[in-house]
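# Observations on the model geometry
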Amino acid sequence: MNQLIPIEFPNNISVYIKREDLIHPFVSGNKFRKLKYNLLQAKEENESSMLTFGGAFSNHIAAVAFAGREQHFKTIGVIRGEELVDKVKDNPTLKFAQECGMQFEFVSREMYRHKQEETFLSHLKEKYGSFYLIPEGGTNALAIQGCEEILTDKDAEFDFVCCAVGTGGTIAGIINSILPHQKVLGFPALKGDFLKDEICTFVNNKNWELIQEYHLGGYGKVNQELVAFINHFYKETKIPLDPIYTGKMVFGILDLIQKNYFSANSKILLIHTGGLQGIEGMNEKLKNKKLATIKIHD
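Residues numbered from 1 in each chain as written. Predicted model: local features only at pLDDT ≥ 70, side-chain atom pairs only at ≥ 80, totals over all residues. Heavy atoms only, no water.

## Looking at the overall build of the chain
Put simply, the rule reads: The numbering of helices and of strands both runs from the N terminus, where a helix is a DSSP run of H or I of at least 4 residues and a strand a run of E of at least 2. Computation of the radius of gyration draws on C-alpha atoms alone. For the globule rule, the value is 2.2 Å times the number of residues to the power 0.38. Partly exposed describes any residue whose relative accessible area lies between the buried limit of under 20% and the exposed limit of over 50%, with all areas from a 1.4 Å probe on protein chains only and scaled to the type maximum. Whether two residues are in contact is decided by their heavy atoms, any of which lying within 4.5 Å being enough. With residues, only the protein chains shown are counted as cover, and all accessible areas are computed by Shrake-Rupley using a 1.4 Å probe.
On a plain count of helices and strands, the chain comes out with 11 helices and 10 strands. Computed over C-alpha atoms, the radius of gyration of the chain comes to 19 Å, within 12% of the 19 Å expected from 2.2 N^0.38 for 298 residues, which places it in the range of a compact globule. Seen through its C-alpha atoms, the chain measures out along the principal axes to roughly 60 × 45 × 35 Å. By residue count, 54% of the 298 residues in the chain fall in the buried class. Within the chain, contacts between residues separated by at least 24 positions form 73% of all contacts whose residues are at least 6 apart in sequence. A total of about 14000 Å² of accessible surface is found on the chain, and carbon and sulfur atoms cover 50% of it.

This is the structure we're talking about:
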């Protein structure tokens, strides 16, 4: 569903948001898209277990855990950070995943860097047996195939399609499905230029750009300006945003409009990729620092 953002913009610019967060109550947005064909492939390969990777507040970990339970898979999450082993009950994301039946393998940050190496994967297979491997963030060819279905024929009217960028799978699928007159703008949640090369391995279309100015210092970094923006945006529109991905993307787009980045009469579509489950964990961090929290409920 594309929802018009009820804000008056200059130069007759109109902004809509595609509510991918409403696809599923627990496997929302791009996670639903990324897992769709991976779940089918796991069944095709007759695997009964799925193993994947993520951090303490990973939307992907939560989504895989719930989807696994729903589709009758055993799930294993390799979690970055040994110190989290005795903090599951205090972490909303990990607690949810555990309640969905996910088993955890906590590893050091140093060890986590080797997650794609065969030696590390062999160790996991020895410990857990055979499993269907889903990469960190869920990005692989099947995930991109799912994300290519985000846009529909009804979206042909838009000049720009915008989304947050984590591992690059979602934007790659969108890039592959745009029409010649459209341009994709990506807003990375991570600091650094490495994402461009990774995205290029999955796409041929060159009509896209990464906007690097709105990550606020890197993954998981927020400030009080962003918190205030998310709260004000919800008050004005009743659309909830998460602080890691979509909140930064929408903040960036509205800032670019004010800076005249877009030509007059532009029609802009924002992709809401979900991730709202991460708000509870972020609010705990903000409370511990005695800072204002995100309020997306009336």
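There is more to say, and it comes next.
## Some words on the sheet that holds strand 10 (residues 267-272)
Heads up, the rule is: Two strands make a pair as long as DSSP finds a minimum of two bridges between them. Axis lines are fitted through C-alpha atoms, for helices just across the contact stretch, and the angle between N-to-C directions can take any value from 0 to 180 degrees.
Sheet architecture is open: six strands sit in the order 1-2-10-7-8-9, paired in mixed fashion. A strand with exactly one partner marks an edge of an open sheet, and here the two such strands are strand 1 (2-4) and strand 9 (208-210). The average angle at which neighbouring strand axes cross in this sheet is 25 degrees, direction not considered. Examined bridge by bridge, strand 7 (residues 160-165) and strand 10 share three bridges and lie parallel to one another. Residue pairing across strands places C162 opposite L270, the latter belonging to strand 10. Sheet contacts for helix 10 (residues 246-258): strand 2 (14-19), strand 7, strand 8 (183-188) and strand 10; angle to strand 10, the most-contacted strand, approximately 165 degrees.

## What to know about unusual backbone geometry
Although it is not a glycine, N11 adopts a positive phi angle of roughly 60 degrees. As for its position among the elements, N11 is in the loop between strand 1 and strand 2. Accessibility expressed as a relative area gives 40% for N11, which makes it partly exposed. Of note, the phi angle at N260 is positive, near 65 degrees, even though the residue is not glycine. For N260, the position within the fold is in the loop between helix 10 and strand 10. Residue classification places N260 among the exposed positions, given a relative accessible area of 53%.

## A word on the pairing of strand 10
Where burial is concerned, most of strand 10 is hidden: five out of the six residues are buried. Pairing between strand 2 and strand 10: six bridges, direction parallel. Note that in strand 10 the partner of I17 across the bridge is L270.

## What about the pairing of strand 4 (residues 74-80)?
For clarity, the cut-off: For crossovers, right-handed means that the path from the first strand over the helix to the second runs clockwise, given strands pointing away from the viewer.
Burial analysis of strand 4 places five of its seven residues in the buried class, the great majority of the element. Direction of pairing for strand 3 (residues 49-54) relative to strand 4: parallel, over a ladder of six bridges. Bridging across to strand 4, F53 finds its partner in V78. Regarding the hand of the β-α-β motif, the stretch spanning strand 3, helix 2 (residues 59-70) and strand 4 is right-handed. Strand direction decides the pairing type here: strand 4 and strand 5 (residues 103-107), joined by five bridges, are parallel. Bridged to I76 within strand 5 is Q103.

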